[in-house]
Amino acid sequence: MALDRKAPNDLNAFWMPFTANRQFKKNPRMLVAAKDMHYTTSDGRQVLDGTAGLWCCNAGHCRPKITEAIQRQAAELDYAPAFQMGHPVAFELANRIIEIAPKGIEHVFYTNSGSESVETALKLAIAYHRAKGQATRTRLIGRERGYHGVNFGGISVGGIVNNRRHFGSLLNGVDHLPHTHLPDDNRWSRGQPEHGAYLADDLEKLVALHGAETIAAVIVEPVAGSTGVILPPKGYLEKLRAITKKHGILLIFDEVITGFGRLGAPFASQYFDVLPDMMTTAKGLTNGVIPMGAVLTTAELHDAFMDGPENMIELFHGYTYSGNPIASAAGIATLETYKEEALFERAAEIAPYWEDALHSLRDSRHVIDVRNMGLIGAVELDPIAGEPTKRAFSAFLAAYDKNILIRTTGDIIAMSPPLMITRDQIDTLIGTLADVLKSLD
Ligand SMILES: Cc1ncc(COP(=O)(O)O)c(C=O)c1O
């Protein structure tokens, strides 16, 4: 008998990730289909996607080219061993990624998620220094309020207390830079905030404290999403690059959400014109359709490993599904869709309209800040005294009832629609959100 996928008979078995399981299972929110800018719910409503799924469906949903590529690839070569064997699709995708990557980025190491990309980049950083004869460089530096996925390396360099405090002592030898969210100085920012470049100078303090010869890498999100859209102040990323370079420290940009057009350029690195040594990616690489991530590196980093006898494995790291054929085919079709529909350019073009629409919420009830960059927007709400996160979560539920999908983190509403969003759809999204805010306690 065919499974009725629209109505599961029991919700108990599936332990849902990053979800209030008991709340959800009492009052489930089920998505059963999607097309372009909309989800269809199990009760037959069309919900406007204000978040590109989870910051990943940059080309919109169920795009024919991607669907067909997956179907074709699944019928032709379903899986090939990732170690000591190759298949053409993964090589082709790597070349296509490098075509749109910043000049100076030349190699692609495949993973299956953002979290795995982060673990891979951190390991590469430490192994790189060892390969270059600097085995003392093992210390990793992240940033407060950073999100780098959920594996041990990522939560160690990450800066979200709830993601860290339940999981023991984490990695040794990790420090954090201060975050760059300065509401008193930068409230209502449009694009890059004016104040805060000086926060990068804390890296000099960590160098003075530990010695540069102990530090392997600094990892930051060029624009942090998961902790409520934290923007880099003008000059901050440039400063971080200059200080890391001066001390021989690698700079890793976690581009898991900023990669693939979110800011109107292929990567944040190009948007800010700052070249890191490595970039971690995932999500938009396959339009979120099939799990896949990639670490992008400079030739200098890659070449440091290409040493020793040629029959020896150079890097003892990789995943069963690294460069999986079906994911690779999805990746190629995704990059082609971005290009054919000029979606990155489109994002850049519509970003000012997005900015104005978002900032029209400035005087809405409970709003204490609005900030934006590219097709990212945040609306920060005044928390209910003694009940942090509750007001924003109520907004999320009310928004879903009114047929828009937003995301909340703490008391911040974050939005990141597919890059195909139209002006009318921006009006609907923001207009509905304004109604939701009016209705909140
Ligand atoms: C900057 C950043 N890094 C890493 C991740 C983790 O990605 P994944 O959930 O695919 O493991 C995310 C996810 O939102 C992210 O925003």
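Since the structure is predicted, the reported quantities are computational estimates derived from the model, not experimental observations. (Residues numbered from 1 in each chain as written. Predicted model: local features only at pLDDT ≥ 70, side-chain atom pairs only at ≥ 80, totals over all residues. Heavy atoms only, no water.)

*Asks:* Looking at this model, I keep getting lost on the packing of aromatic side chains. Mind explaining?
*Replies:* Centre-to-centre distance and the angle between the planes together describe a pair of aromatic rings. Evaluated as defined, the whole model comprises six aromatic pairs. Taken together, a centroid distance of 6.5 Å and an interplanar angle of 25 degrees make the contact between Phe260 and Tyr338 stacked. Within this pair, whereas Phe260 is found in the loop between β8 (250-254) and α11 (268-272), its partner Tyr338 is found in helix α13 (residues 325-340), the two being separated by 78 residues in sequence. Feature note: the residues Phe260, Phe267, Tyr338 and Phe344 constitute an aromatic cluster, connected by ring pairs. Positioned above the aromatic ring of Tyr400 is the side chain of Arg45, whose terminal nitrogen or guanidinium carbon lies 4.8 Å from the ring centre. (Phe/Tyr/Trp six-rings, centres within 6.5 Å; stacked < 30°, edge-to-face > 60°. Helix = DSSP H or I, 4+ residues; strand = E, 2+ residues; numbered from the N terminus. Lys NZ or Arg CZ within 6 Å of the ring centre and 35° of its normal.)

*Asks:* When you look at helix α5 (residues 114-131) in this model, what are you seeing that I'm missing?
*Replies:* Since there are 3.6 residues in each turn of an α-helix, residues three or four apart along the chain are aligned in direction. Taking 1.5 Å of rise per residue, 18 residues should cover 26 Å, and α5 covers 25 Å from first to last C-alpha, within 8% of that figure. The buried count for α5 comes to 13 of 18 residues, which makes it a mostly enclosed element. A distance of 3.4 Å separates the backbone nitrogen of Ser115 from a side-chain oxygen at the start of α5, and that oxygen is part of Ser113. Positioned one or two residues after α5, Gly133 has a phi angle of 85 degrees, which is positive. (Expected span 1.5 Å × (residues − 1). Buried < 20%, exposed > 50% of the residue type's maximum accessible area, 1.4 Å probe, protein only. Polar contact = N/O pair within 3.5 Å; in protein donor to acceptor, adjacent residues only side chain to side chain.)

*Asks:* Can you help me understand the pairing of strand β11 (residues 367-373) in this one?
*Replies:* Each regular strand shows side chains that alternate between the opposite faces of the sheet. Summarising burial for β11: six of the seven residues are buried, a large majority. The pairing of β11 with strand β12 (residues 376-381) spans six bridges and is classified as antiparallel. Paired with Val370 across the bridge in β12 is Val379. Between β11 and β12, which pair antiparallel in sequence order, lie two residues; one of them, Gly374, sits at a positive phi of approximately 50 degrees. (Pairing = 2+ DSSP bridges.)

*Asks:* How should I be thinking about the packing of helix α4 (residues 88-100) against α13 in this particular structure?
*Replies:* The angle between the axes and the distance between the axes are what describe a pair of packed helices. With their axes 9 Å apart at the nearest point, α4 and α13 run at an angle of 35 degrees to one another. α13 is crossed by α4, and the crossing has left-handed handedness. Side by side, α4 and α13 meet where Val89, Ala90, Glu92, Leu93, Arg96, Ile97 and Ile100 of the first sit next to Pro325, Ser328, Ala329, Gly331, Ile332, Leu335 and Glu336 of the second. Residue composition of the contact of α4 with α13, by class: nine nonpolar, two polar and three charged. (Axes fitted to C-alpha atoms, helices over the stretch in contact; angles between N-to-C directions. Left-handed = near helix turned anticlockwise from the far one by under 90°. Contact = heavy atoms within 4.5 Å. Nonpolar A, V, L, I, M, F, W, Y, C, P; charged D, E, K, R; others polar.)

*Asks:* Please explain unusual backbone geometry as it appears in this structure.
*Replies:* Most peptide bonds take the trans form, and the phi angle of most residues other than glycine is negative. In the Ramachandran plot, Gln84 falls in the positive-phi region, its phi being about 65 degrees despite a non-glycine side chain. With respect to the helices and strands, Gln84 occurs in the loop between α3 (64-76) and α4. Given a relative accessible area of 66%, Gln84 falls into the exposed group. In this structure, Lys283 is a non-glycine residue whose phi angle is positive, near 35 degrees. Checked against the element boundaries, Lys283 lands in the loop between β9 (278-281) and β10 (293-298). Overall, Lys283 belongs to the partly exposed group, its relative accessible area being 25%.

*Asks:* I'm lost on a nonpolar patch on the surface in this one. Help?
*Replies:* Taken together, the side chains of Met312, Ile313 and Phe316 define a hydrophobic patch exposed on the protein surface, amounting to about 340 Å² of accessible area. When you line up the elements, Met312 lands in the loop between α12 (299-303) and α13. (Patch = residues over 30% accessible without salt bridge, like charges linked within 9 Å, V, L, I, M, F, W, Y side chains within 5 Å. Areas by Shrake-Rupley, 256 points an atom, 1.4 Å probe, with all protein chains shown as cover. Salt bridge = Lys/Arg side-chain N within 4 Å of Asp/Glu carboxyl O.)

*Asks:* I keep staring at the environment of Gly211 and nothing clicks. Help me out?
*Replies:* Residue position: Gly211 is located in the loop between α9 (202-210) and β7 (215-220). Residues Gly211 and Arg137, 74 residues apart in the sequence, show an inter-C-alpha distance of 9.5 Å.

*Asks:* Looking at this structure, I do not really get the pairing of β7. What am I missing?
*Replies:* With six of six residues buried, β7 is to be regarded as a mostly interior element. Two strands pair when backbone bridges link them, and strand β5 (residues 139-143) and β7 are joined in this way by three bridges, in the parallel orientation. Paired with Leu140 across the two strands is Ala217, which belongs to β7. Bridging between β7 and β8 involves four bridges; their strand directions are parallel. Of the residues in β8, the one forming a bridge with Val218 is Leu251. Where the polypeptide runs from β7 across helix α10 (residues 236-246) and back to β8, its parallel neighbour, the crossover connection is right-handed. (Right-handed = clockwise from strand over helix to strand, strands pointing away.)

*Asks:* Honestly, the nonpolar core in this entry has me stumped. Any pointers?
*Replies:* Grouped burial of nonpolar side chains is what soluble globular proteins tend to show. Within the largest apolar cluster, 101 residues are counted, with the highest numbers of intra-cluster contacts made by Tyr110, Leu296, Val379, Leu381, Ile413, Met415 and Leu433. Looking at this core, the element that brings in the most residues is α13, giving eight residues. Setting aside residues up to four positions removed in sequence, Leu433 forms contacts with Leu361, Val379, Ile404, Ile406, Ile413 and Met415. Residues Leu122, Val174, Ala217 and Phe305 belong to the second largest nonpolar core, which totals 19 residues. (Core = buried A, V, L, I, M, F, W, Y, C linked by side-chain atoms within 4.5 Å.)

*Asks:* Help me understand the site of the ligand in this model?
*Replies:* In the region of the ligand, the neighbouring residues are Ser113, Gly114, Ser115, Tyr147, His148, Gly149, Glu221, Ser226, Asp254, Val256, Ile257 and Lys283. Here Ser115 contributes a side-chain N or O atom positioned 2.6 Å from an oxygen atom of the ligand. Contact distances for the ligand include 2.7 Å between a nitrogen atom and a side-chain N or O atom of Asp254. (Near = heavy atom within 4 Å.)

*Asks:* Would you mind going over the sheet that holds strand β14 (residues 407-409) with me for this structure?
*Replies:* Across a sheet, strands are paired by hydrogen bonds formed along the backbone, either parallel or antiparallel in direction. Strand order in this open sheet of four strands is β11-β12-β15-β14, and the pairing throughout is antiparallel. Of all strands in the sheet, those bounded by a partner on one side alone are β11 and β14. Recorded for the sheet is a direction-independent mean angle of 20 degrees between the axes of neighbouring strands. Summarising the sheet, β12 and strand β15 (residues 412-415) pair through four bridges and their orientation is antiparallel. Paired with Val379 across the two strands is Ile413, which belongs to β15.

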